[in-house]
Each structure stands twice: as C-alpha cells, then as structure tokens.
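# Commentary on secondary and tertiary structure
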Amino acid sequence: MSRNIYLDNVSVEEAREKWQEALTIKATTEKIDIREATGRRLAKPVRAKLSTPSYYASAMDGIALSATDTVGATERTPVQLQEGKEYQLIDTGDPLPEEFDAVMMIEKVNQIKEGIVEIEESVAPGQNVRSVGESLVKGQLILTVGTKIGPYDIGLVLEGGVTEVTVYTQPQVDIIPTGSELIEPGRSPQPGQIIEYNSEVIKNLVLNWGGKVMQRDITPDKYEEIKEKIQQVTQESDLVAIIAGSSAGREDYTAQIVAELGEVVVHGVSIKPGGPVILGRIGDTPVIGLPGYPVASALNFRLFAQPILYQLAGLSTPETKEVKAILNKKLVSKLGFREFVRAKLVKLDNQIVAVPLARSSGVIGSLVEADGLVTISEYSEGIDKGSEVNVELLVNQSKPAETLMINGSNDHSLDLLKNKLAQQGVDLLTQPTNSLAGLTTLSRGESHLASINLLDSDGQYRQSLDRYFPTEDVKVVNLAYRQQGLIVTAGNPKNITGIADLVVNDLVFINRQQGSGARMLIDNQLAKLNIDSTKISGYQQVKQNDVTLATTIAQGGADVGVGTLVTAQVFDLDFIPLRKERIDLVIPNQYWTDTRIKELFKVICSSDFKAEINQLAGYDTSQTGQVLTDGPTSR
Ligand SMILES: Nc1nc2c(c(=O)[nH]1)N[C@H]1C(S)=C(S)[C@@H](COP(=O)(O)OP(=O)(O)OC[C@H]3O[C@@H](n4cnc5c(N)ncnc54)[C@H](O)[C@@H]3O)O[C@H]1N2
Ligand code: MOO
C-alpha cells in the first residue's frame, strides 16, 4: 500500500464549500410526545387545541356574587347578601355560576348569621374571575419553529391540549477511534500506549449540540478492520467521525478507505492545529477524518462538523462572539497557515489581555484553560506583543474580570490557593517562571501579583523590591514558609551531607536557572563557604523548575540539586534540609482594593487554607497572611 504523502492545502472556507457541494444535507423531522421532548427543536409550530380555562373560573376562595349587588358597600354602609340568592360559596378554580359575575375573597366577607353575609366594599364585574381563554385561546400559536423545548414550554403545550409535537430528528454521529496504541480509559498505559479519550471529547461536543452518538470500539491500525468498521456504521449514521490515521504515517489509512468506499472531497486544510483533516462522503453520509492529536481533533470537529450537524438539526450554526484583547506575548506563525491559538483572557486595569497557552496540538489542557481563540491569519507571519487582536470567546464575557494573573516562583501552595480561589469565583492564572521574572512582569503592569522567594541576605526585601518598584508602593504578603534543601538520589548512595560535598569528584549536580530562589540560595551558600562553582560538576546544567530538576535526579541524570522537601517526597527522593525559606506574594497597592485580590487575601487568611498548606511536608504557616512590608520606606 502506498503512502499518501501529498496533502491538499485549501483554506477553511474553500474546504467547507467543497464539502457542502459534495453533500446533500436535509434535515428530517419526527413526531414525538412533548413529555419526551426536552431540549429538542420544534420543526412545526404548535397551536392550542383548547382554550383555557374553558369556563369562567374563580381565581380566589370566597363568594361568587353580582357586582351590581355590591354597589355602595362601604365600612359605614355595609351591604347584606343572602346565600343561594345573592351569593354562593366558591373555591379557587371552581366554575362561576352563570348568575354571578364576580368573586369576593373570603377574608373580606363577614358572616352575620347562617346564610347571611355582610360586605364592606364593592366589586367590579369580572373581579377575581379567570375568563375563558385567559391562558390560551383555541388556535393560538403557542410555540414557534426552532424553539428549543424547555420545562415551561412542555407545560404550555400540554395545557393547550396537545401531546404530540414535530421536532427535528437528532442527527446521529458515529465515532470510530483508530490506533493500535490506544487503550480504554481506566487501564494503565504501558510505554507506547495512549489512553483513548478523543472519542469522549467528540461525543460530548455532539451531545452539547443536540445530536446523538454511537461510540464505536477502538479499531487498531489495520486497513481491513478499519474499512469493515466504517462500512458497517455508515448506513445508519448521519455523520461518521473517524479519529486519527489522517496524516502521512505508514499506518494512516483513513483517506484511502474513504476514497475507496466513497469520495474524499478535501484532504488537508491550511490550518493549525489540524491540517491533515479529511472531509468526504460515503453514499450520502458525510465522513470526517479527524487528526489524532486531541486539540486538532476537537477544533476540526467544531470547524467542519458542527455546521453540518446544525443543518441536519434544522438550525443555523450559532454566531461566534468576539472580544478585543491585547496580546501579551509575541506569536510567530508560519505563512500560509491559519492558526488558532488558545488563550486565557484576563482583565488587567481596563484592558482585556490575551495570554497565549500551549500551542502544541497534543495538549488538551490548553482547551480546558482557554477562554478564547486568537486567529493568526494565513497571510501573516505572526502577531507582535501588544497588538490588539479579536478573540473568539469560548466562555462567558464576564470571565476575564474574574481572573487574577500571577507570575513568579512556583510553589505547591499556589495550587492550593488556585483551588480555594476557584470556589470563590476567582480563577488564578499561574505563570510559573521565577521570582525575578515575576517581579519584572509585575513592574511592567503585565500581571496582578508576583510570587517570590527572594529574601535579601540581610533578611529584607529592600534591594529586590526597590529595584523593581522604586516609586510605587507594594504590599508583601506571606504565603508560607517551605523547607529548602538538597534533593538527592533515593537512599542517598553517595552519602551527601551538605553543600561542601558538591565538589566531590564523582558527584553530578543539577542547577536551577538564574533568577530563581534556589539558585540564589546555592550561590549564597557557595560564597559563604568559599567554594568555587567551576569545581562543581554539572553546575552549568540548569532546570527551569523544581519538578524537572527532581525528575532528572529520579531518572539518574544527576545526583543532587536544590529544591523543596515536598518535591523530593513526590519523587521518592532523599532530602537534606538547608533552610526554611519564605514564599511571599507581592501586590501593588493599586490592586489592593480589587475584589479579586480581596478574595485572595480572605482565602490566604482563612484557617481552612492554612490547614491545607500544613499538610504539605516541610511547610509552616506561622506568618501566612501577614502583610510583611508596606511601601518603600518601611521595606
Ligand atoms: N509527515 C507528516 N507527519 C505528520 C503530519 C504531516 O503533515 N506530515 N501532520 C501532523 C499533524 S499536524 C497531525 S495533527 C498528526 C495527525 O496524525 P494522525 O491523524 O495520523 O493521528 P495519529 O498519528 O494516529 O495520532 C496522533 C497522536 O494523537 C494520539 N491519538 C490518536 N487518537 C487518539 C484518541 N482517540 N485519543 C487520544 N489520543 C489519540 C496518538 O496516539 C498520537 O499520539 O500527524 C502529524 N504528523
Ligand atoms: O494538525 Mo496538527 O494538529 O497541527 O498537530
């Protein structure tokens, strides 16, 4: 079998147009019981078969009477009425006897004696009476075509004497995940195996759009098996989605099979992610071959299958909502490809800022985090930092104002903080870099707060903070103290006891980057002990964070590095304590009154939060929530 190496490179619009031309899409309808119709779309209008109420009915508990008999009734000139002749007792919903035209509430009726009542005010004709057709009039239009049927609609339709309604048939999507490397969720992947989840993502998109799903078993990368499966399901399906095998790999068969069974209309669109998408048909059934990478798979399905499914359901695709935002990072892109970059949106001062997320199409988390999609045109090689961009909203418009952006040193307590803040409706966007980068970003107005672990050698923040905020006041709030030390191989086979051992010949050290608190710690200690860093093997090798440093040691790439106790424990490594270090949050005074910051401060000061931090090995909350310094003069 020859490989399909040459893909088309058509635009999104051209691909959609070509696919539409090749398909004959017709929405079909069915009659169903209104009681089973929640969420369905009406294909025919509903009209009332009855008027309701169908009789004049009392709207209150009281007495039925004639308005004319009450004329002139006041507290001083009450009117007496005789039961059976001038009034009759009546309850809510009862038919109004023909001889009467109004109802007086029982609370306003004084019983004088058996069969005689007295009233102290007059009533108007029709008072407290529900007239015929007050709710619905026979023949009245109750619901229009396209209505998405909800709880109240069902009540109204039933009241109108109707039980059966005509709705659009829910399109059925058959999803076939392919790939010999795929395993069912819940199993533990061996090297080379991947948990299959794309089909669940696609399934839930279809359900959200009002369709039905048949999720098929994982089919291995075997030409015959895939072909057979596609043949089997196509007949009964309104749209077939085949996941993976779309590209130029040795076992990428989808396009070839679709071509044999029907027609490949487009294979290859000039977009990222998701270039190798296949759009085709088998008989009258539309078939889409989705690229295997999860982001590509989901975005392609949205881009191409959603409009088809909406047409099948008798609807037009919902308009997308956009906001304008300022891009906070330069995006470089390949000319000739339209790229959809997932972005977080944050309201910073009075602007919405778009923070690009991971661009790899293998990172599904980028879709979880994303508030919107930034499109880089195929005619551009990228977008500069600071440019205004249109962002397609994936969330509520109010979301950017609920997000707080923090940059700086990473710490386990920030995860706990994020989780707690989320419960208060604040989304903490963490951008783990290092302390100095956090302060740089903050001083440029590109974040709301910074996390730092940079105490100066004299135990003050003076130097660091004055450098970044020479004129502006900032508050420094303690988050926690954590245990910093040497992370060493499990069992400490090289018997490392402290910093002085780092110059031992057969030891390999692994360092952290400049600007990180761990790097400052090691450099300070080396200076104190008069140790020449060039004598330490591996000193030039740096890792960007605690976790990658520990991973390197756990995998045998180094013997020792500086990190936290909690990270050593996560990776089952040994630990030699060096010092307790403070993790602080730096918050410019201008944000101190921001509601998101107020929530953050409340969380930090809560005993719940402190209790959670105290669960972390080596953490200390004795000063958590304390505002340590306040303004340049007191620093
Ligand atoms: N030589 C070329 N190689 C590739 C090209 C290309 O143009 N030339 N395109 C790349 C792009 S872009 C994409 S996207 C992928 C698409 O590849 P396939 O559709 O053939 O998908 P696979 O290679 O089988 O899978 C990619 C990746 O995704 C994982 N996967 C697949 N299905 C699932 C699933 N149901 N659930 C979870 N994960 C899944 C799979 O294990 C792979 O890791 O091709 C590039 N290569
Ligand atoms: O389509 Mo691929 O998804 O760009 O990685």
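Throughout, a residue's number is its position along its own chain's written sequence, starting from 1. All chains are assigned letters beginning with A, and all ligands numbers beginning with 1, in the order in which they are written. Owing to the predicted nature of the model, reporting of local features is limited to residues with pLDDT of at least 70; listing and counting of side-chain atom pairs is limited to 80 or more, with chain, interface and lining totals taken over all residues. Remark: hydrogens and water are excluded; side-chain values derive from all non-hydrogen atoms of the structure.

### Points about the UniProt feature "domain: MoaB/Mog" (unreviewed entry) in the protein
According to UniProt, the "domain: MoaB/Mog" (unreviewed entry) feature falls on residues 174-311. Along residues 174-311 one finds 36% helix and 25% strand; the C-alpha atoms at either end are 17 Å apart. UniProt positions are given in the numbering used here, feature names are shortened, and annotations may be inferred rather than shown by experiment. Strands are runs of DSSP state E lasting at least two residues, helices are runs of H or I lasting at least four, and both sets are numbered from the N terminus onward.

### Focus on the site of ligand 1
Nearness of a residue to a molecule or strand requires only that one of the residue's heavy atoms be within 4 Å of it. Inspection of the region around ligand 1 gives 17 residues, with Glu181, Glu196, Ser246, Ser247 and Gly292 positioned closest. N or O atoms within 3.5 Å of each other form a polar contact, as long as, within protein, one can give a hydrogen and the other can take it, and as long as residues adjacent in sequence are counted only when both atoms are side-chain atoms. A distance of 2.9 Å separates an oxygen atom of ligand 1 from a polar atom in the backbone of Gly292. Backbone polar atom of Tyr293 to an oxygen atom of ligand 1: 3.5 Å apart, as the coordinates give it. Only the protein chains shown count as cover for residues, with accessible areas throughout obtained via the Shrake-Rupley method and a probe of 1.4 Å. Isolated, ligand 1 exposes 880 Å² of accessible area, and the fraction of that covered by the protein chains is 68%. Think of a 1 Å grid over just the protein atoms. A cavity is a set of points where a 1.4 Å probe fits yet cannot get out, a pocket is an open set with protein on both sides within 12 Å along at least five of seven lines, and lining residues have an atom within 4 Å of a point. Assignment to a cavity or pocket requires that more than half of a molecule's atoms be within 2 Å of the site's grid points. Placement of ligand 1 is best described as lying within the second largest pocket.

### With respect to the layout of surface pockets
Here the largest pocket is characterised by a volume of approximately 1,200 Å³. Considering the residues around the largest pocket, the lining is formed by 35 residues, among which Arg302, Gln306, Thr320, Glu392 and Leu394 are closest to the centre. A per-element tally of the lining of the largest pocket places helix H6 (residues 294-312) first, with 7 residues. Charged means Asp, Glu, Lys or Arg here, nonpolar means Ala, Val, Leu, Ile, Met, Phe, Trp, Tyr, Cys or Pro, and polar covers whatever is left, Gly included. Taken together, the residues of the lining of the largest pocket sort by class into 19 nonpolar, 8 polar and 8 charged. What fixes the domain bounds is an automatic or database domain assignment. Residues lining the lining of the largest pocket come from more than one domain, with at least three contributed by each of domain 1 (12-26 + 171-312) and domain 4 (322-395). Grid points are joined across faces, edges and corners, and a volume is the space filled by probe spheres set on the points.

### Here's the deal with the environment of Ile242
If you trace the backbone, Ile242 turns up in strand S17 (residues 239-243). Among the residues examined, Ile242 registers a relative accessible area of 0% and is labelled buried. The spacing of Ile242 and Thr178 is 64 residues in sequence and 7.1 Å in space, taken between C-alpha atoms. Working rule for contacts: check all heavy atoms of both residues, and any pair within 4.5 Å makes them a contact. Setting aside anything within four residues of it in sequence, one finds Ile242 in contact with Ile176, Thr178, Ile230, Thr254, Val258, Val287, Ile288, Gly289 and Leu290. Accessibility here uses a 1.4 Å probe with only protein chains present; expressed as a share of the type maximum, an area under 20% marks a residue as buried, one over 50% as exposed, and anything in between as partly exposed.

### A word on unusual backbone geometry
With omega at -10°, the peptide bond leading from Thr52 into Pro53 counts as cis. You can see Pro53 is positioned in the loop between strand S2 (46-47) and strand S3 (57-58). Geometrically, the link from Lys272 to Pro273 is a cis peptide bond, its omega value of -10° lying close to zero. One can find Pro273 in the loop between strand S19 (271-272) and strand S20 (278-282). One non-glycine residue with positive phi stands out, namely Ala244, at about 75°.

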